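# Examination of the molecular architecture
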Amino acid sequence: MGVRFEELAWRETPIGEISLRRRRDPALDADVYEVKLDDEFLMSSAFPVAEIELARLGLAPLTGETLDVVVGGLGLGYTARTALEDARVRSLVVVEAIEDVIDWHRRDLLPFAAGLAADPRTRFVRADFFAAVAGGGLDPDEPGRRFHAVLLDVDHSPRHVLHPSHAPFYTVDGLRRLAALLHPDGVFALWSNDPPDSEFQRTLTEVFPTSVAHVVRFANPLQGREAANTVYVARR
């Protein structure tokens, strides 16, 4: 079982102190990996259902046999790893602002994401996703490159962003810039910790012909109740 608690990595970043830690959770009888930004919990391996569904729901509407995909925000790797399980994925560009998070995966600190860094389809891009979209490109080697799907999991929700500079992305103008980086019929999928937001859904409909807010429910044994996240799926 090993030690009950271990801090695996820590770094001061422009948006705060980010850390990766592992702890033994007796209620779950399992090791839980958690990411914190300052004193705020960003993600936990105890509840990966919605991060996994972000990839599955985001890729499901696509009909092509070869897909080029972007994951914005690497985190614990569940979304990226699930995307690679789709045999149609030809290339996966993972855009992550914090080099240390990329390094966690290169060092195989996260056993449930094993194989992500080593997969020849994967390429890590150390960049601010939101700045990259505003600048017109998610692949620094090919400015203006288009993708079949962009799967985003960085902020808590369109209303609760980690940094004020992210907020313009969730406007009509910001989403139009993102849509320009998608192939026709391409998909933009977004994870949110909040319930479906009718105002944001209206914003999506101004840019994308179709959009759906999926409520992803999962058990939270620590609180003895059901929890839910939202996955927005919009198609160009």
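Coordinates for the structure precede this section.
Residues numbered from 1 in each chain as written. Predicted model: local features only at pLDDT ≥ 70, side-chain atom pairs only at ≥ 80, totals over all residues. Heavy atoms only, no water.

### Comments concerning helix α6 (residues 198-207)
Those residues of α6 that sit buried are F200, T203, L204 and V207. The buried residues of α6 occupy an angular sector of 100° when the element is viewed end-on, so they sit on one face. In α6, the exposed positions that point more than 90 degrees away from the buried face belong to R202 and E206. Where α6 begins, one side-chain oxygen reaches toward the backbone nitrogen of E199, 2.9 Å away; that side chain belongs to D197. (Buried < 20%, exposed > 50% of the residue type's maximum accessible area, 1.4 Å probe, protein only. Helix = DSSP H or I, 4+ residues; strand = E, 2+ residues; numbered from the N terminus. Arc of directions from axis to C-beta. Polar contact = N/O pair within 3.5 Å; in protein donor to acceptor, adjacent residues only side chain to side chain.)

### Things to note about empty space enclosed by the protein
For the structure shown, the criterion picks out two cavities of 30 Å³ or more. Considering only enclosed or pocket space, the largest cavity measures out at about 70 Å³ in volume. In terms of lining, the largest cavity is formed by L42, M43, E51, D153, V154, D155, H156, L162 and W191. Looking at the lining of the largest cavity residue by residue, the class counts come to five nonpolar, one polar and three charged. Here the second largest cavity defines a volume of roughly 50 Å³. In this structure, the second largest cavity is lined by H105, D108, L109, L110, A113, A114, G115, L116 and A117. (1 Å grid on protein atoms, 1.4 Å probe; cavity = no way out; pocket = protein on both sides within 12 Å on 5 of 7 lines; lining within 4 Å. Points joined across faces, edges and corners; volume = space filled by probe spheres on them. Nonpolar A, V, L, I, M, F, W, Y, C, P; charged D, E, K, R; others polar.)

### Observations concerning helix α3 (residues 99-106)
Among all positions of α3, only D100, V101, I102, W104 and H105 are buried. On its buried side, α3 packs onto β1 (5-13), β2 (16-25), β3 (30-37), β6 (89-96) and β7 (122-126). (Contact = heavy atoms within 4.5 Å.)

### What about the pairing of strand β4 (residues 40-44)?
Alignment of β3 against β4, held across four bridges, turns out to be antiparallel. Paired with K36 across the strands is F41, a residue of β4. In textbook terms, the turn of a hairpin is the stretch between consecutive antiparallel strands, and for β3 and β4 this stretch comprises two residues, one of which, D38, has a positive phi near 55°. (Pairing = 2+ DSSP bridges.)

### Description of the nonpolar core
Grouped together as the largest cluster of nonpolar side chains are 42 residues, with contacts concentrated most on L20, V69, L92, W104 and L151. The element best represented in this core is helix α1 (residues 49-59), accounting for five residues. In this view, L20 contacts E6, E7, L8, A9, E34, V35, L76, W104, L109 and L110; residues no more than four positions away in its chain are not counted. (Core = buried A, V, L, I, M, F, W, Y, C linked by side-chain atoms within 4.5 Å.)

### Some remarks on the sheet that holds strand β11 (residues 225-235)
Paired through their backbone hydrogen bonds, the strands of a sheet run either parallel or antiparallel. Read across the sheet, seven strands follow the order β7-β6-β5-β8-β9-β11-β10 without closing on themselves; strand pairing throughout is mixed. Bordering the open sheet on either side are β7 and β10 (210-220), each of which pairs with just one other strand. Looking at each pair of strands side by side, their axes are set apart by 20° on average, direction ignored. As paired strands, strand β9 (residues 182-192) and β11 are joined by six bridges and run antiparallel to one another. Paired with S192 across the strands is T230, a residue of β11. (Axes fitted to C-alpha atoms, helices over the stretch in contact; angles between N-to-C directions.)

### Regarding the side chain of R23
The residue R23 is located in strand β2 in this model. Polar side-chain contacts of R23 include one of 2.9 Å to the side chain of E34. Sequence-distant contacts of R23, that is, excluding residues within four places in its chain, are made with R4, F5, A30, D31, V32 and E34.

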